[in-house]
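One letter stands for each residue in the lines below.
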Amino acid sequence: MKLSYFITSGMVLLLCLVVISMVSVSCGSSYKKNISSDDNQMEAHLNGTDGLDEIAEESIDIPIAINLIHTEDEDMRQLVDAEYEVTHETDKDIYIDINSRYYKHYMSGTRFMADKIAVFENSENVEHLTMNLDVVNNTNERLSIKELKIKVDESKPDTTPLIYICTTEEVSNSIYFVNESWFDWKGFTFSYSLLKSGESFDGQYKKKRHVPYFGSYTIIDLLPDMISMGYDYDGLIESIKTFHPHSTDDEDTDDASSKCVELYITEDDKHLGYFQNKFEPFGLKKGNFDEYVGSATLYGSIKFDDSDFKVDFIAEISLSTSGGFGALSYENDKFDVKLKSSGENYTLRFPYTTVIEPYGAEMIRLSLKADRSSLHKFHVDINNDNEMKIRSKDVHFHHYYPKN
């Protein structure tokens, strides 16, 4: 009986101890959990970080909206060949590049038709970048502005070897290469084939010549190549003097590439068939009006010495002109902001004092330029007495400024 009693009592005592231990662990765990939470709150209070999420939500960041502006004068805009456009925009960045028909063709990697113009003056009339900065005070405070800053992360030269390729009516039997780059590209190889009337290009260039670096432009005289193909240039000139003495050939210079063969002949002219034969192996082509002009087709390619950059093109070579061509003029506007062509981490400051009433707005116009083609990354900050952050997106800007 005693042994049974002690065993039973021991088991009860052990069971009680187990229960007490489990209760203690449970209470201890709960206690530690509460203490940990309280300690975190106390630590946040002591460090001044309690309510940080609420403060972050209430912090004010006034964005500066950017809108590109073009000239409002429609007559002037007709003379502009290349305008800037926003090509891509994200939450943080805006990308601005030139919208130039020629530049897009030149950089496309596919063969394009070179320009044919009356008189060469310059490759393209390019507008300067003009933008409106829209600042909306979306607070209930009077916003006191004191300075506008353009903070530039980087400006660097555009190292694209840009050559404007064209033919003109003022210089017969030739092709123009105009250097629009701002660096020394050393030289390029000009490969080409002149096609006879009705001939197709077989993909193989028959002629090749090296063109060394030139500062402004060079004119390639193709007349010797044409004569070697059977073109009776001297016979043509004599025929023009005989049948069209009012037409002229500029013989005041020994430079053949400066000669302009002028011949005004229309469909009603009795000598049209005769002159068609005189322009063989090339031909006559109807011009912009009723006149006919001598024309030859050239397939060409330029490959630069120090790079793999290559441009393929087609050009219509003028063999004659009907005369009477003129030129247009274009005047640039005045602009406010001049970016460096090369530099890093610099700031352009502009005194700017104004007050924007609560929920009012302010529009600021900036016009930007640099002294050569270049690539830029910048953003606009506005200093203010309210200590608010007023900032634009990062602007990635390709400044397109042909050299000639």
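Basis of the calculations
- Within each chain, residue numbers correspond to sequence positions counted from 1 in written order.
- Only residues with pLDDT of at least 70 are given local features in this predicted model, and only at 80 or more are side-chain atom pairs given and counted; all residues enter the totals for whole chains, interfaces and linings.
- To get the side-chain values, take all heavy atoms of the structure and skip hydrogens and water.
- Here pLDDT means the predictor's own confidence in every residue, given as a number from 0 to 100.
- We call two residues contacting when some pair of their heavy atoms lies within 4.5 Å.
- Throughout this description, the term nonpolar core refers to a set of buried Ala, Val, Leu, Ile, Met, Phe, Trp, Tyr and Cys residues connected via side-chain atoms within 4.5 Å.
- For every residue, the accessible area (1.4 Å probe, protein chains only) is compared with the maximum for its type, and the residue is labelled buried under 20%, exposed over 50%, or partly exposed between those bounds.
- Each helix corresponds to a stretch of at least 4 residues labelled H or I by DSSP, and each strand to a stretch of at least 2 residues labelled E; elements are numbered beginning at the N terminus.
- Here, a strand pair is defined by DSSP locating no fewer than two bridges between the strands.
- What counts as an axis is a line fitted to C-alpha atoms, over the stretch in contact for a helix, and the angles between N-to-C directions run from 0 to 180 degrees.
- Grid spacing is 1 Å over the protein atoms alone, the probe is 1.4 Å, and a cavity is where that probe fits but cannot get out, while a pocket is an open set with protein on both sides within 12 Å along at least five of seven lines and lining residues have an atom within 4 Å of a point.
- Grid points are joined across faces, edges and corners, and a volume is the space filled by probe spheres set on the points.
- Throughout this entry, Asp, Glu, Lys and Arg are counted as charged residues, while Ala, Val, Leu, Ile, Met, Phe, Trp, Tyr, Cys and Pro are counted as nonpolar. The remaining residues, Gly among them, count as polar.
- Any pair of nitrogen or oxygen atoms within 3.5 Å is treated as a polar contact; in protein, a donor-acceptor pairing is required on top of that, and neighbouring residues in sequence qualify only through side-chain atoms on both sides.
- Salt-bridge detection follows one rule: a side-chain nitrogen of Lys or Arg within 4 Å of a carboxyl oxygen of Asp or Glu.

Engineer: An account of the confidence of the model for the protein chain is requested, with residue identities and associated values reported.
Structural biologist: Looking at the protein chain as a whole, its pLDDT mean stands at 79, while 76% of the residues score no less than 70. The low-confidence segment residues 249–258, where pLDDT is below 50, has 17 contacts with residues more than four positions distant or belonging to other chains. Predicted confidence for residues 325–335 stays below pLDDT 50, and this span has 20 contacts to residues more than four positions away or in other chains.

Engineer: Which residues make up the nonpolar core, and what values go with them?
Structural biologist: In terms of nonpolar packing, the biggest core is built from 87 residues, with Ile-165, Phe-177, Phe-190, Ile-302 and Phe-313 touching the most fellow members. The contacts of Phe-177, once residues within four sequence positions are left out, are Ile-163, Tyr-164, Ile-165, Phe-188, Phe-190, Phe-214, Ser-216, Tyr-217, Thr-218, Ile-220, Ile-302 and Phe-313.

Engineer: So, the pairing of strand β21 (residues 389–392): which residues are in play, and what are the values?
Structural biologist: Burial of the side chains of β21 is restricted to one face: Ile-390 and Ser-392 are buried, whereas none of Lys-389 and Arg-391 on the reverse face is. Note: strand β1 (residues 61–68) against β21, four bridges, orientation parallel. The residue of β21 that forms the bridge with Ile-64 is Ser-392.

Engineer: Tell me about the pairing of strand β19 (residues 361–369), and name the residues and values.
Structural biologist: Regular strands place side chains that alternate from one sheet face to the opposite one. Both strand β6 (residues 129–136) and β19 contribute to a ladder of eight bridges, which runs antiparallel. By the bridge assignment, Leu-129 is partnered in β19 with Leu-368.

Engineer: Explain the sheet that holds strand β12 (residues 217–221) to me, using residue names and the numbers behind them.
Structural biologist: Taken in spatial order, the four strands line up as β5-β8-β9-β12 in an open sheet, and their pairing is mixed. Taken across any chain shown, the strands that pair with only one partner, and hence form the sheet edges, are β5 (115–117) and β12. With strand direction ignored, the average angle separating the axes of adjacent strands in the sheet is 30°.

Engineer: I'd like a rundown of the environment of Pro-351, residues and numbers included.
Structural biologist: Structurally, the position occupied by Pro-351 is in strand β18 (residues 343–356). When its relative accessible area of 81% is taken as the criterion, Pro-351 is described as exposed. Linking Pro-351 and Ile-145, residues 206 residues apart in sequence, is a C-alpha distance of 9.6 Å.

Engineer: Go over empty space enclosed by the protein, please, and point to the residues and values.
Structural biologist: Going through the model one piece at a time under the given rule, you end up with two cavities of 30 Å³ or more. Looking at the largest cavity, its volume works out to about 50 Å³. Tyr-103, Asp-158, Thr-160, Leu-162, Glu-180, Ser-181, Trp-182, Ser-373 and Tyr-400 together form the lining of the largest cavity. Here the lining of the largest cavity is built from residues that sort into four nonpolar, three polar and two charged. Here the second largest cavity is characterised by a volume of approximately 30 Å³. In this structure, the second largest cavity is lined by His-105, Tyr-106, Gly-109, Thr-110, Phe-112, Lys-310, Val-311 and Asp-312. Counting residues per element, the ones that place at least two in the lining of the second largest cavity are α4 (101–107) and β16 (310–318). Broken down by element, the residue count for the lining of the second largest cavity peaks at three residues, all from β16. Class assignment of the residues belonging to the lining of the second largest cavity gives a composition of three nonpolar, three polar and two charged.

Engineer: Just give me the short version of the side chain of Asn-384, but keep the residues and values in it.
Structural biologist: Among the structural elements, Asn-384 can be located in strand β20 (residues 374–384). Assessed through its relative accessible area of 7%, Asn-384 is described here as buried. A distance of 3.3 Å separates a polar side-chain atom of Asn-384 from the backbone oxygen of Ile-382. Looking at Asn-384, its side chain comes within polar contact range of the main-chain nitrogen of Asn-386, at 3.1 Å. Beyond its immediate sequence surroundings of up to four residues, Asn-384 is in contact with Leu-143, Ser-144, Ile-145, Lys-146 and Ile-390.

Engineer: Summarise the pattern of salt bridges; cite the residues concerned and give the values.
Structural biologist: Counted by the stated rule, this structure contains 15 salt bridges. In this structure, the salt-bridge partner of Lys-186 is Asp-184, at a minimum N-O distance of 3.9 Å. Residue classification places Lys-186 among the partly exposed residues on the basis of a relative accessible area of 45%. Glu-316 is paired through a salt bridge with Lys-285; the nearest N and O atoms lie 2.8 Å apart. Of this pair, Glu-316 sits in strand β16 while Lys-285 sits in strand β14 (residues 283–286); the two residues are 31 residues apart in sequence, bridging distant segments of the chain.

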